[in-house]
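Structural features, examined
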Amino acid sequence: MVDEVRARPPSPDEAELLDIEPGVSVLALRKTSIDITDRIVEVADVVFPGDRTELVYPAELKRWKP
C-alpha cells in the first residue's frame, strides 16, 4: 500500500461538511493498494479536518542478524 498525505485548504463543501472554522486546513489522504503483480487494485481518497486528526503509522522492523 502507498499512503500519500497532504495538507491543503478545504473546498467550500468540505469546510461545511466537516464544520471547519475559517483558516483550518484539511489532511487529504490517498491510499493506493497494489497487489503482488504491481497492479493497482484499490484507490481511496479521504479528507480529515486538520484540527481534529492525528495520523499514526506503526512500523514493525525485523531485527538484523549480527
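Attention here is on the structure that accompanies the text. (Residues numbered from 1 in each chain as written. Predicted model: local features only at pLDDT ≥ 70, side-chain atom pairs only at ≥ 80, totals over all residues. Heavy atoms only, no water.)

For the rest of this paragraph, the subject is the overall build of the chain. Each helix and strand counted, the chain has 1 helix and 3 strands in total. Element order for the chain, N to C, with α for helix and β for strand: β-α-β-β. The C-alpha atoms of the chain give a radius of gyration of 16 Å, which is well past the 11 Å a tight globule of 66 residues would have. With respect to the three principal axes, the spread of C-alpha positions in the chain is 55 × 30 × 15 Å. Buried positions account for 15% of the 66 residues belonging to the chain. If you sum the accessible surface of the chain, you get close to 6,000 Å²; carbon and sulfur atoms cover 56% of it. Side-chain charges in the chain split into 9 positive and 14 negative, and the spacing between the mean points of these groups amounts to 12 Å. (Helix = DSSP H or I, 4+ residues; strand = E, 2+ residues; numbered from the N terminus. Rg over C-alpha atoms; globule rule 2.2 N^0.38 Å. Buried < 20%, exposed > 50% of the residue type's maximum accessible area, 1.4 Å probe, protein only. Areas by Shrake-Rupley, 256 points an atom, 1.4 Å probe, with all protein chains shown as cover. Lys, Arg positive; Asp, Glu negative; His and termini not counted. Charge placed at Lys NZ, Arg CZ, Asp CG, Glu CD.)

Tracing the backbone shows Phe48 in strand β3 (residues 40-49). Between the C-alpha atoms of Phe48 and Pro58, which are 10 residues apart in sequence, the distance is 19 Å. Leave out the neighbours within four places in its chain, and Phe48 touches Leu18, Val26, Leu27, Leu29, Thr53 and Leu55. (Contact = heavy atoms within 4.5 Å.)

Looking at the secondary structure, you find Leu29 in strand β2 (residues 26-34). Sequence separation between Leu29 and Lys62 is 33 residues, and the spatial gap between their C-alpha atoms is 27 Å. Ignoring anything within four residues of it in the chain, the contact list for Leu29 reads Asp3, Glu4, Val5, Ala44, Asp45, Val46, Phe48 and Tyr57.

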